[in-house]
Amino acid sequence: MSIKDFFVFIKLRISAPVAISSAVGYILSSRFIDVDIFILLVGIFLLASGSGALNQVQEWSLDALMNRTRNRPIPRRIISPFKGLVISLFLISMGLLFLSQCQNFYLVITLSLLAVVIYNGVYTPLKRVSPLAALPGALIGAIPPMIGWVFTGNSPLHPLNIALASFFFIWQIPHFWLLLILHEDDYRRAGFPVLTDIISPLQLSRISFIWIVALVGCSFLIISMLEHLSWLTFGGVVVLGIYLIFRTHKMVRVVQPRGFYRFAFINLNFFVLCVSLILSFNKLFNL
């Protein structure tokens, strides 16, 4: 298996942002930054990579039916499902080993195992039978920043931690549904139930926009809870939020061309990345 195929197998484009989201939780909860953050990043990356690889083992026969996923390693028979299972379990085990090196050992491991159970044990099989699988699946996005928060020994019940976890949870919903709009035919071809079976494409577009507005509102809530808030941080988050709403508000009028939803998908993820960086730099400059 080539390096490129391995990166596809571990879903690098998902695993890396997941690790970054855990670092945001760590930074916002820390009084100082030390080598622990690298242990966290490696641990979460390995855990997310293993979970993503396990997902491909579970769904390789369905992946083979979709244009978007048919070139993954198992459908192309670059590796067998059994070898893929061994690799995925090894990565998950190594991730748990790294994450066990912290103050809040039991809570971190519990949350880590919960993430794997929700993604591979709940979301993956549920999306074969329910078009609403994205709702419980979105919990996966909330767990990594929470792991980062409690990794330093802080309480998971802190209001800022809950707001941050909510931010990443809310993001997952329009992320999933914009992806559905873009690849609806692929999902149908593989036999997945899609949300447009029970609501119209315009309704799905409108609901997705409501979640986008909620995401922006949650980002405003987070900055209102920061102990130290610079005008640059305040202005950056507000401007980015207004821009995202402005660029996606047409979703509530009529069904837009596919290119519009692709652009909205990119803007949504760019917003989350930028807010994560702004929050991190705001805290780092005030340590």
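Scroll up to find the structure.
Below is a summary of the structure that appears in this document. (Residues numbered from 1 in each chain as written. Predicted model: local features only at pLDDT ≥ 70, side-chain atom pairs only at ≥ 80, totals over all residues. Heavy atoms only, no water.)

### Observations concerning the overall build of the chain
- Tallying secondary structure elements over the chain gives 12 helices and 0 strands in all.
- Each helix and strand of the chain, placed in order from N terminus to C terminus, yields the pattern α-α-α-α-α-α-α-α-α-α-α-α.
- In summary, the chain has a C-alpha radius of gyration of 19 Å against a globular reference of 19 Å for 287 residues, a match within 12%.
- For the chain, the spread of C-alpha atoms along the three principal axes comes to 50 × 50 × 30 Å.
- Here the chain holds 287 residues, and the buried ones make up 51% of them.
- Here the analysis covers contacts within the chain between residues at least 6 apart in sequence; of these, 74% occur between residues at least 24 apart. (Helix = DSSP H or I, 4+ residues; strand = E, 2+ residues; numbered from the N terminus. Rg over C-alpha atoms; globule rule 2.2 N^0.38 Å. Buried < 20%, exposed > 50% of the residue type's maximum accessible area, 1.4 Å probe, protein only. Contact = heavy atoms within 4.5 Å.)

### Notes on helix α11 (residues 231–248)
- Helix length check: α11, at 18 residues, gives a terminal C-alpha distance of 26 Å against a target of 26 Å (1.5 Å per residue), a fit within 8%.
- Within α11, burial applies to T233, G236, V237, L240, G241, L244 and T248. Looking straight down α11, one finds its buried side chains confined to an arc of 120°; they lie on one side. Projecting away from the buried face of α11 at angles above 90 degrees are the exposed residues W231, L232, V239, I242 and F246.
- Buried-residue contacts for α11 involve α10 (201–224) and α12 (258–284). (Expected span 1.5 Å × (residues − 1). Arc of directions from axis to C-beta.)

### Overview of the packing of α10 against α11
- Where α10 contacts α11, the two axes come as close as 10 Å, and the packing angle between them is 175°. Classed by the angle they form, the pair α10 and α11 counts as roughly antiparallel. In this structure, α10 uses F209, I212, V213, V216, S219, F220 and I223 to contact α11, whose residues at the interface are T233, F234, V237, V238, G241, L244, I245 and T248.
- Residues belonging to the contact of α10 with α11 are distributed by class as follows: 11 nonpolar, 4 polar and no charged. (Axes fitted to C-alpha atoms, helices over the stretch in contact; angles between N-to-C directions. Parallel < 35°, antiparallel > 145°, perpendicular 65-115°, else oblique. Nonpolar A, V, L, I, M, F, W, Y, C, P; charged D, E, K, R; others polar.)

### Some remarks on the nonpolar core
- Counting residues in each nonpolar core, the largest one holds 81 residues, and the members touching the most others are L99, F167, W177, L178, L215, F271 and L279.
- For this core, the leading source of residues is helix α8 (residues 159–182), giving 16 residues.
- Residue contacts for F271: discarding those within four places in its chain leaves F167, L215, V216, S219, V237, L240, G241 and L244. (Core = buried A, V, L, I, M, F, W, Y, C linked by side-chain atoms within 4.5 Å.)

### Focus: the side chain of K283
- Within the element layout of this structure, K283 appears in helix α12.
- Of the buried charged residues, K283 lacks a salt bridge, with E227 as the closest side chain of opposite charge at 6.3 Å.
- Residues in contact with K283, not counting those within four places in the same chain, are I27, L28, S29 and S30. (Lys, Arg positive; Asp, Glu negative; His and termini not counted. Salt bridge = Lys/Arg side-chain N within 4 Å of Asp/Glu carboxyl O.)

### Some words on the pattern of salt bridges
- Under the definition given, this model contains 6 salt bridges.
- The salt bridge partner of R72 is D63, with a shortest N-O separation of 3.1 Å.
- Taken together, the shared-partner salt bridges connect E184, R188 and D197 into one network.

### Some words on the layout of surface pockets
- Estimated volume of the second largest pocket: approximately 620 Å³.
- Every element with two or more residues in the lining of the second largest pocket is listed here: α2 (12–29) and α12.
- Classifying every residue of the lining of the second largest pocket gives 9 nonpolar, 10 polar and 5 charged. (1 Å grid on protein atoms, 1.4 Å probe; cavity = no way out; pocket = protein on both sides within 12 Å on 5 of 7 lines; lining within 4 Å. Points joined across faces, edges and corners; volume = space filled by probe spheres on them.)

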